[in-house]
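Letter by letter, the chains look like this.
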Amino acid sequence: MHCIRKITEDLLWVGADDRRLAMFEGVYSVPRGVSYNSYLLLDEKTVLMDTVDRAVEKTFLENVAYGLGGRNLDYVIVHHMEPDHSATLIRLLEKYPEATVICNDKTKKMIEQFFGKTPNALIVKEGEKLSFGKHEFTFYMAPMVHWPEVMISFDSENGVLFSADAFGTFGALNGALFSDEVDFFGEHLAEARRYYTNIVGKYGPQVQAALKKLAPLPIKMIAPLHGFVFREADAISAFIAKYDAWSTYTPERTEVMIAYASIYGNTENAANILACRLRERGIAVDMFDVSVTPASEIVAAAFRASHLVFAAPTYNNGVFVTMEQLLHELAAHNLQKRTVALIENGSWAPSAAKWMREILASCKELNILENDLTVKSALGASDADAFDAFAEALVATVPEKA
Ligand SMILES: Cc1cc2nc3c(=O)[nH]c(=O)nc-3n(C[C@H](O)[C@H](O)[C@H](O)COP(=O)(O)O)c2cc1C
Ligand SMILES: [Fe+2]
Ligand SMILES: [Fe+2]
């Protein structure tokens, strides 16, 4: 039986949840699942906004058929060609051969690349409008708000922004559809942050360009391809403000994120002592063992915090492997505008800080504090002064609470 939700009188959610996926896009764990959203507009013409991942094809096709209620499908808008939204496109077009694909030039090429078939396509360009009856859609290109072919569309009739991957959240919907049906900012923002920072985080300038295009639109609802639909003005502006911060690499809060690696526990001990010292000074701390917590969570936390401490043992005259990977991830995600402090450990020739500095050199506008803390195997009483100097130099960069 179908599993759909009504958004307005003539707009339906016909997507589906996947709770069996181990790794989204092959690297991001999704312990609470993920949703693939697809929307069906029933105007004088019938219009489907995107399809879904292969994993949920059966439910999706059943939903679409029920939603159409015996009508034919006139159009499919492809906002994004990534297979989590397009893997079922060809199957859908086989079922509704008269449907026309609305997409841009780049999308059409990708359909040919992925499926070896040329669709019956109506090509739209930046700012172009199409009317489906009561509803008129305007199309805006949003390149690299995840892929180069991404576009978003705005339905001026009911103020719905179909935002593609932008404003998406990891996690199955579990029967909810609207962000106001759950405690979005309390319980789901972390997964929205993890989604954004890992998937689109690298492309801040392109996200800024898209946000500028959206700014003049009278948006009443945001309908993304993953996660919740937003229909409350406060939630919409608060979420857009988050996107503004993330895409300009502006820290969300004054906080020290400590990410450490440790083989025998001595680097971990130094990190714990630092965390206590910072807390004693009233400074918020977030803390991770990089060998334990998935990188995607640490990347998200790094986008939130104003200050970052990386602590790692020296390893075969390099930096410990999991820390090396994390730092490459952060650099690859274009993280910038942070204050950074480094702790290195080594039993004979500590050099981890040098290697960490080298990886971070590609990040823009990092204030890497000059004095690294060097631990020789384990912190001892004779290290107290060096530790104090290191901790105080870091504390000095943290703004006092207002
Ligand atoms: C495989 C391996 C390679 C290492 N390579 C180096 C090295 O090149 N230089 C060095 O000074 N210490 C090296 N070490 C030693 C650790 O960096 C050192 O024991 C450190 O104190 C470990 O910190 P921990 O207690 O937080 O694990 C190596 C240790 C291991 C297990
Ligand atoms: Fe995507
Ligand atoms: Fe997606």
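Thresholds applied
Residues numbered from 1 in each chain as written. Chains lettered and ligands numbered in written order. Predicted model: local features only at pLDDT ≥ 70, side-chain atom pairs only at ≥ 80, totals over all residues. Near = placed C-beta within 6 Å. Nonpolar A, V, L, I, M, F, W, Y, C, P; charged D, E, K, R; others polar. Core = buried A, V, L, I, M, F, W, Y, C linked by C-beta atoms within 7 Å. Buried ≥ 20, exposed ≤ 12 C-beta atoms within 10 Å, placed from the backbone. Helix = DSSP H or I, 4+ residues; strand = E, 2+ residues; numbered from the N terminus. Domains from an automatic or database assignment. Contact = placed C-beta atoms within 7 Å. Arc of directions from axis to C-beta. Pairing = 2+ DSSP bridges. Axes fitted to C-alpha atoms, helices over the stretch in contact; angles between N-to-C directions. Right-handed = clockwise from strand over helix to strand, strands pointing away. Parallel < 35°, antiparallel > 145°, perpendicular 65-115°, else oblique. Left-handed = near helix turned anticlockwise from the far one by under 90°. Expected span 1.5 Å × (residues − 1).

Turning to the site of ligand 1, a few remarks are in order. If you check the shell around ligand 1, you find 19 residues, and the closest are Ile263, Tyr264, Asn266, Thr267 and Gly346. Broken down by class, the residue content of the shell around ligand 1 amounts to seven nonpolar, eleven polar and one charged.

Formed by 121 residues in total, the largest nonpolar core has its most connected members in Tyr39, Val76, Ala302, Phe310, Ala312 and Met356. Residue contributions to this core peak at seven residues, all from helix 9 (residues 295–304). Counting only domains with at least three residues in this core, you end up with domain 1 (5–247) and domain 2 (255–395). Excluding residues that lie within four positions of it along the chain, Tyr39 makes contacts with Leu11, Leu12, Trp13, Val14, Met49, Phe162 and Ala223.

The next thing to look at is helix 4 (residues 105–115). Taken together, the buried positions of helix 4 are occupied by Thr107, Met110 and Ile111. On an axial view of helix 4, the arc spanned by its buried residues comes to 105 degrees, and they lie on one face. Across helix 4 from its buried face, at more than 90 degrees, point the exposed residues Asp105 and Gln113. Contact partners of the buried residues in helix 4: strand 10 (100–103). Gly116 lies just past helix 4 and shows a positive phi near 65 degrees.

Pairing is mixed in the open sheet, where seven strands are placed in the order 1-2-7-8-9-10-11. One side of each edge strand has no neighbouring strand; the edge strands of this open sheet are strand 1 (5–8) and strand 11 (121–123). With strand direction ignored, the average angle separating the axes of adjacent strands in the sheet is 25 degrees. Pairing of strand 7 (residues 39–42) with strand 8 (residues 46–49) involves four bridges; the strand directions are antiparallel. Directly across from Tyr39, in strand 8, lies its bridge partner Met49.

Let's shift gears to the sheet that holds strand 12 (residues 129–131). Strands sit in the order 12-13-14-15-16 across an open sheet of five strands; the sheet is mixed. Both outer strands of the open sheet, strand 12 and strand 16 (221–223), are each paired with one neighbouring strand and no more. Here the average twist between neighbouring strands, direction ignored, is 25 degrees. By the bridge criterion, three bridges tie strand 12 to strand 13 (residues 136–141) in an arrangement that is antiparallel. Pairing of Leu130 across the sheet is with Phe137, part of strand 13.

Here we take up the pairing of strand 17 (residues 253–260). The sheet contact formed by strand 17 and strand 19 (residues 305–315) spans six bridges and is parallel. Across the sheet, Val256 pairs through a bridge with His307, a residue of strand 19. Where strand 17 and strand 18 (residues 285–289) come together, five bridges link them in parallel fashion. Paired with Met257 across the bridge in strand 18 is Asp286. Taken together, strand 17, helix 8 (residues 266–280) and strand 18 form a β-α-β motif whose crossover is right-handed.

On to the domain arrangement of the chain. What the domain assignment reports for the chain is domain 1 (5–247) and domain 2 (255–395). Taking the mean C-alpha position of each, domain 1 and domain 2 sit 38 Å from one another. Contact with domain 1, which involves eleven residues of that partner, is made by ten residues of domain 2. Where the side of domain 1 that touches domain 2 is concerned, the elements lending two or more residues are strand 5 (28–29) and helix 5 (184–199). With five residues, the single largest contributor to the side of domain 1 that touches domain 2 is helix 5.

The next point concerns the packing of helix 9 against helix 10 (residues 321–332). Where helix 9 contacts helix 10, the two axes come as close as 10 Å, and the packing angle between them is 50 degrees. Classed by the angle they form, the pair helix 9 and helix 10 counts as oblique. Two packed elements cross with a definite hand, and for helix 9 against helix 10 that hand is right-handed. Contacts between helix 9 and helix 10 involve Ala295, Ile298, Val299 and Ala302 on the former and, on the latter, Gln325, Leu326, Glu329 and Leu330.

What follows is about helix 7 (residues 233–247). An ideal rise of 1.5 Å per residue puts 21 Å on 15 residues; helix 7 measures up with 21 Å between its terminal C-alpha atoms. For helix 7, the complete set of buried residues consists of Phe239, Tyr243, Trp246 and Ser247. Seen along its axis, helix 7 keeps its buried residues to an arc of 90 degrees; they face one direction. Those residues of helix 7 that are exposed and aimed more than 90 degrees away from the buried face are Ala233, Asp234, Ser237 and Ala241. Where helix 7 is buried, its residues contact helix 5, helix 6 (204–214) and helix 9.

Bridge count between strand 2 (residues 11–13) and strand 7: three bridges; the pairing is antiparallel. Looking at the pairing, Leu12 lines up with Leu40 of strand 7. In this antiparallel pair of consecutive strands, strand 7 and strand 8, the connection spans three residues.

Their axes nearest at 8 Å, the elements helix 5 and helix 9 cross at an angle of 95 degrees. Relative to helix 9, the element helix 5 is oriented roughly perpendicular. Listed contacts from helix 9 to Ala190, Arg193, Arg194, Thr197 and Asn198 of helix 5 are Ser296, Glu297, Val299, Ala300, Phe303 and Arg304. Among the residues making up the contact of helix 5 with helix 9, the classes are represented as four nonpolar, three polar and four charged.

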